[in-house]
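Each chain, letter by letter, is given below.
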Amino acid sequence: MKDSMEDIILCHGGVGSKERPLDDMKGIAEKAYSKNPLDSVVNAVVIMEDDPRFNAGTGSVIRIDGSVQMDAAVSIPGKFGSVIGIENVKNPVLVARDVMEKTPHIILSGSGAVQFARKLGYGEYDPKTERTISQYSKMVEALKKETTDNRYKIFKELIRNGIIDEPHDTVGAVARIDGKFAAAVSTGGASPMMRGRVGDVPIPGAGIFCGEKGAVVATGIGEEIAKRVLCHRIYERINTDKLENILREEIEYFGENLAGVIAVSHDEHAFFSNGSMGTDMFKIKV
Ligand code: GLY
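Residues numbered from 1 in each chain as written. Predicted model: local features only at pLDDT ≥ 70, side-chain atom pairs only at ≥ 80, totals over all residues. Heavy atoms only, no water.

Asks: Run through the overall build of the protein chain, naming residues and quoting values.
Replies: Per the secondary structure count, the protein chain includes 9 helices and 11 strands. Of all 286 residues assigned to the protein chain, the portion counted as buried reaches 57%. Long-range pairs, those at least 24 residues apart, make up 68% of the contacts in the protein chain between residues at least 6 apart in sequence. (Helix = DSSP H or I, 4+ residues; strand = E, 2+ residues; numbered from the N terminus. Buried < 20%, exposed > 50% of the residue type's maximum accessible area, 1.4 Å probe, protein only. Contact = heavy atoms within 4.5 Å.)

In structure tokens:
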């Protein structure tokens, strides 16, 4: 889709999100809009982290051991910040932004990320909801019966039997404002998963990449996306073909593994997934 010289925010509510009413995605993008691209994508992700329908911030999935560990990342050209396995904060994406803007590092993980957040004044917050607690109980019961199976077989079986939802996944946003790019992403992970498991979101180039040519954010099974370094692959291909074709080709590679992507370049935007993905955008002519 050609859209040179328009400001644009494109956000998604995760591949596998069809079960929930996500028809207000455009409203989210509209509310998030600011003349600063980083503010725009962070605003969009904060709105989705605060919405319990999404698997990010409030509503993040509960891990096998009963904990909620969240990953989030932000990027602008040449800069990156992320948190891995952060616990008991309301908005992981804001902490990721602080990692980028207030430290010499690119990633803080676990207790270090929590400690950093507390020092900056982020209060204690429990992101569990009734829905995630009930899903967790069902998952634990089902896992007890499936102990000899490998993770993906268990996972597919649980979905087939309606024990857990498809991984209503990561939320993310990309923006081009005044020709400048930014990207942000946040997730509770891909259930079921062990404590300590890390997916694609906090790894530069895997679930997020932003440079002078554009911004790319992914959603789906983090292990598969990270092995492929998907967002950097797509970024490197920008301007070699229509963005839409690039996204389709890259997502088709994943076969049955759920994956989706949103991207903006200087004069195009596109999204593509192999499952339904709550996705919409806000565009403004400048
Ligand atoms: N894409 C989110 C995750 O796998 O953690």
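Asks: A description of the site of the ligand should follow, citing residues and the corresponding values.
Replies: Near the ligand there are 11 residues, and of these T170, R197, D200, G220 and G222 occur at the shortest range. Within the side chain of D200, one N or O atom sits 2.7 Å away from a nitrogen atom of the ligand. Within the backbone of G220, one N or O atom sits 2.7 Å away from a nitrogen atom of the ligand. Protein coverage of the free-state accessible area of the ligand, which is 200 Å², stands at 100%. (Near = heavy atom within 4 Å. Polar contact = N/O pair within 3.5 Å; in protein donor to acceptor, adjacent residues only side chain to side chain. Areas by Shrake-Rupley, 256 points an atom, 1.4 Å probe, with all protein chains shown as cover.)

Asks: Talk me through the pairing of strand β6 (residues 180-187); I want residue IDs and the actual numbers.
Replies: For β6, a buried count of 7 out of 8 residues is recorded, marking the element as mostly surrounded by other parts of the structure. Relative to β6, strand β2 (residues 70-76) is paired through 5 bridges, and the arrangement is antiparallel. By the bridge assignment, S75 is partnered in β6 with A183. Relative to β6, strand β5 (residues 171-177) is paired through 7 bridges, and the arrangement is antiparallel. By the bridge assignment for β6, V171 is matched with S186. Where β5 folds back on β6, the antiparallel hairpin that results is connected by 2 residues, among which D178 adopts a positive phi of roughly 50°. (Pairing = 2+ DSSP bridges.)

Asks: Break down the pattern of salt bridges for me, citing the residues and quoting the values.
Replies: Note on pairing: side chains with opposite charge can pair once their charged atoms come close. Summed over all chains, the structure comprises 18 salt bridges. Across the pair R228 and E250 runs a salt bridge, and its minimum N-O distance is 3.7 Å. Here the residue R228 occupies a position in helix α7 (residues 222-228), and E250 occupies one in helix α9 (residues 243-252), the gap between them amounting to 22 residues. For the pair R228 and E250, a shared accessibility class is recorded, and that class is buried. A salt bridge links E250 to R233; its shortest N-O distance comes to 3.0 Å. Residue E250 is found in helix α9, and its partner R233 is found in helix α8 (residues 230-237); the two are separated by 17 residues along the sequence. Taking the relative accessible area as the measure of exposure, E250 reaches 2% and is therefore buried. (Salt bridge = Lys/Arg side-chain N within 4 Å of Asp/Glu carboxyl O.)

Asks: Hey, could you go over the sheet that holds strand β10 (residues 269-273) for me, with residue numbers and the actual values?
Replies: Two modes of strand pairing occur in sheets, parallel and antiparallel, and in both the strands are linked by backbone hydrogen bonds. With antiparallel pairing, the 4 strands of this open sheet are ordered in space as β7-β8-β9-β10. For this open sheet the edge positions go to β7 (208-211) and β10, each flanked by a neighbour on one side alone. Between one strand axis and the next, the sheet turns by 5° as a mean value, whatever way the strands run. The sheet contact formed by β7 and strand β8 (residues 214-220) spans 4 bridges and is antiparallel. Residue pairing for β8: C210 is matched across the bridge by A215. The sheet contacts of α8 involve β7, β8 and β9 (259-265), and relative to β8 the element is tilted by about 145°. Where α9 meets the sheet, its contacts fall on β9 and β10, and the angle it forms with β10 comes to roughly 20°. (Axes fitted to C-alpha atoms, helices over the stretch in contact; angles between N-to-C directions.)

Asks: Residues and numbers for the packing of aromatic side chains, please.
Replies: A complete count under the given rule lists 2 aromatic pairs for this structure. With centroids separated by 5.5 Å and ring planes inclined at 90°, the aromatic side chains of Y253 and F254 adopt a geometry described as edge-to-face. Over the ring of Y125 we find K90, and its NZ or CZ is 5.9 Å from the ring centre. Directly above the aromatic system of Y235 lies the positively charged group of K213, at a separation of 5.0 Å from the ring centroid. (Phe/Tyr/Trp six-rings, centres within 6.5 Å; stacked < 30°, edge-to-face > 60°. Lys NZ or Arg CZ within 6 Å of the ring centre and 35° of its normal.)

Asks: Any details on helix α4 (residues 110-119)? Residues and values, ideally.
Replies: For α4, the complete set of buried residues consists of A113, V114, F116 and A117. Along the axis of α4, the buried positions cluster into a sector of 160°, meaning they face one direction only. Summarising the geometry of α4, the exposed residues directed more than 90 degrees from the buried face are S111, Q115 and K119. Downstream of α4 by one or two residues, G121 has phi in the positive range, about 100°. (Arc of directions from axis to C-beta.)

Asks: Explain the packing of helix α2 (residues 37-49) against helix α3 (residues 92-102) to me, and be specific about the residues and the numbers.
Replies: Between α2 and α3, whose axes approach to 8 Å, the crossing angle comes to 150°. Between α2 and α3, the crossing angle belongs to the class labelled roughly antiparallel. The residues of α3 that touch α2, namely those facing L38, D39, V42, V45, V46 and E49, are P92, V93, L94, R97, M100 and E101. Split into classes, the residues belonging to the contact of α2 with α3 amount to 8 nonpolar, no polar and 4 charged. (Parallel < 35°, antiparallel > 145°, perpendicular 65-115°, else oblique. Nonpolar A, V, L, I, M, F, W, Y, C, P; charged D, E, K, R; others polar.)

Spatial relationships are all this shows, so hold off on functional conclusions.
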